Structure formats: structure tokens, C-alpha cells
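Residue-level listing of the chains:
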Amino acid sequence: MEDCLFCKIIRGEIPSTKLFEDAHAYAFLDINPFGKGHTLVVPKFHAEQLFFLPPEELAGVMPAVQRVACLLRRKLGCDGLALMQLNGACAGQTVGHVHFHLIPRYAGQPAGWAPLEGEAAREAKDFEALRKQILG
Ligand code: AMP
Ligand code: ZN
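Bear in mind that the values here come from a model prediction, so they are computed numbers and not experimental data. (Residues numbered from 1 in each chain as written. Chains lettered and ligands numbered in written order. Predicted model: local features only at pLDDT ≥ 70, side-chain atom pairs only at ≥ 80, totals over all residues. Heavy atoms only, no water.)

A. Main features of the packing of helix α2 (residues 55–76) against helix α4 (residues 127–135). With their axes 8 Å apart at the nearest point, α2 and α4 run at an angle of 100 degrees to one another. If you check the angle between α2 and α4, you find them roughly perpendicular. On the side of α2, the interface is formed by L71, L72, K75 and L76, while α4 contributes L130, Q133, I134 and L135. Across the contact of α2 with α4, the residue classes tally to 6 nonpolar, 1 polar and 1 charged. (Axes fitted to C-alpha atoms, helices over the stretch in contact; angles between N-to-C directions. Helix = DSSP H or I, 4+ residues; strand = E, 2+ residues; numbered from the N terminus. Parallel < 35°, antiparallel > 145°, perpendicular 65-115°, else oblique. Contact = heavy atoms within 4.5 Å. Nonpolar A, V, L, I, M, F, W, Y, C, P; charged D, E, K, R; others polar.)

Here it is, written out as C-alpha cells:
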């Protein structure tokens, strides 16, 4: 879709730190991470919300969600991972293209969801270092 932020990222018109891509899915680091390695996995098919994504496109993207989750666990050593998918402004959705948040979780981390701050934010926003760690 012409004016969609994530379609532009998929097409390479807006830069992203890409971690994975196949025929159905595109995965990249979230620019405002809630955890070190916070990744978005998006279907290449443009649909604004889960309600409107054809089931075969959902089936196409889910293997990438699992694959990237396993990659993050293996390379970052996270103890767990939260999978989040928001639909509608009232649910907190801000970008109108279906996306799955993969948020690595680490033992001892405070509970709750908020953008990281301070040193943790600096570490999680060193996208090039993270890309090397995850893909290297
Ligand atoms: P949501 O609130 O579920 O719609 O999440 C949208 C996510 O997209 C947020 O976590 C943003 O930080 C993230 N985001 C917005 N613009 C970009 C971008 N250019 N590159 C990477 N992530 C982005
Ligand atoms: Zn789109």
C-alpha cells in the first residue's frame, strides 16, 4: 500500500534493521524498544488489522514469527519472550499494518510494558551491534 509505513519499510523505501525476510514476512528491530531485541514481524501482505488479514497470509507469516523468536532466544539468551499484536487505537495500535511484537524478556526484569530508559534504552537502541549479535 502506497502510504503505509511498514509497506515502505518492506519495499526498502524507509531504512530498517532487518533480521529476516521470506516470501510472506519481513522482520526488523523496533525503533522504540520495550526490551533488548524487540522485533516486529509483519506480513508482506498489507492489511490494517488482524480481522482483515486473509488466513493464508496469517499462515504464511506465523512460521517467521516462531523462527525469529527462536533466533532471538538463541542469540540474545533471553529467558522468555512476549508476543503482542494490537488492533485498533483503543488497543494501542499506532501503525495500520498488521504486526507482531516479539519482546525478549529477561529474568529479574521489572514486570510491565514501557519503553526502556537510560542505559538499558541505549543498549537496546544500538541497532547495528544488535544486528551483528543476532545475525552473526
Ligand atoms: P503498535 O503500537 O502495535 O502499532 O506498534 C507500532 C510499533 O512500530 C511501535 O513499537 C513503534 O516503536 C514501531 N515503529 C514505528 N516506526 C518504526 C520504524 N520506522 N522502524 C521500526 N519500528 C517502528
Ligand atoms: Zn502496509
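B. Summary view of the UniProt feature "active site" (unreviewed entry) in the protein. UniProt tags H99 as "active site" (unreviewed entry). Mapped onto the elements of the fold, H99 is located in the loop between β4 (80–84) and β5 (100–105). Classification of H99 by relative accessible area gives buried; the value is 5%. Excluding its chain neighbours within four sequence positions, the residues that come into contact with H99 are F6, L40, V41, V42, M84, Q85 and Q93. Of note is the side chain of H99, whose polar atom sits 2.6 Å from the backbone oxygen of H97. (UniProt positions renumbered as here; feature names shortened; annotations may be inferred. Buried < 20%, exposed > 50% of the residue type's maximum accessible area, 1.4 Å probe, protein only. Polar contact = N/O pair within 3.5 Å; in protein donor to acceptor, adjacent residues only side chain to side chain.)

C. Spotlight on the coordination of the zinc ion (ligand 2). Coordination of the zinc ion (ligand 2) by the protein involves C4 (SG), C7 (SG), H46 (ND1) and H97 (ND1), with metal-donor separations of 2.0 to 2.3 Å. If you look at the zinc ion (ligand 2), its 4 donor atoms make angles of 106 to 117 degrees with each other, and the shape they trace is tetrahedral. Considered as a linear motif, the donors of the zinc ion (ligand 2) on their single chain read C-x2-C-x38-H-x50-H. Taken as a pair, C4 in the segment before α1 (5–11) and H46 in the loop between β3 (39–43) and α2 lie far apart in primary sequence, 42 residues in all. For C4, a relative accessible area of 6% corresponds to the buried category. (Donors = N, O, S within 2.8 Å, 3.2 Å for Na, K, Ca; no water. Tetrahedral: all angles 85-135°; square planar, octahedral: opposite > 155°, others 65-115°.)

D. View of the side chain of N87. Mapping N87 onto the fold places it in the loop between β4 and β5. Taking relative accessible area as the criterion, N87 reaches 17% and is therefore assigned buried. A distance of 2.9 Å separates a polar side-chain atom of N87 from the backbone nitrogen of L50. There is a polar contact of 2.7 Å between the side chain of N87 and the side chain of Q85.

E. Inspection of the packing of aromatic side chains at higher detail. As enumerated under the stated definition, the model contains 3 aromatic pairs in all. Ring geometry for F6 against F28: centres 5.4 Å apart, planes inclined by 75 degrees, an arrangement best described as edge-to-face. Note that F6 is positioned in helix α1 and F28 in strand β2 (residues 25–29), a separation of 22 residues in sequence. Ring geometry for Y26 and F28: centres 5.8 Å apart, planes at 55 degrees, overall tilted. Neither Y26 nor F28 differs from the other in exposure class; each is buried. (Phe/Tyr/Trp six-rings, centres within 6.5 Å; stacked < 30°, edge-to-face > 60°.)

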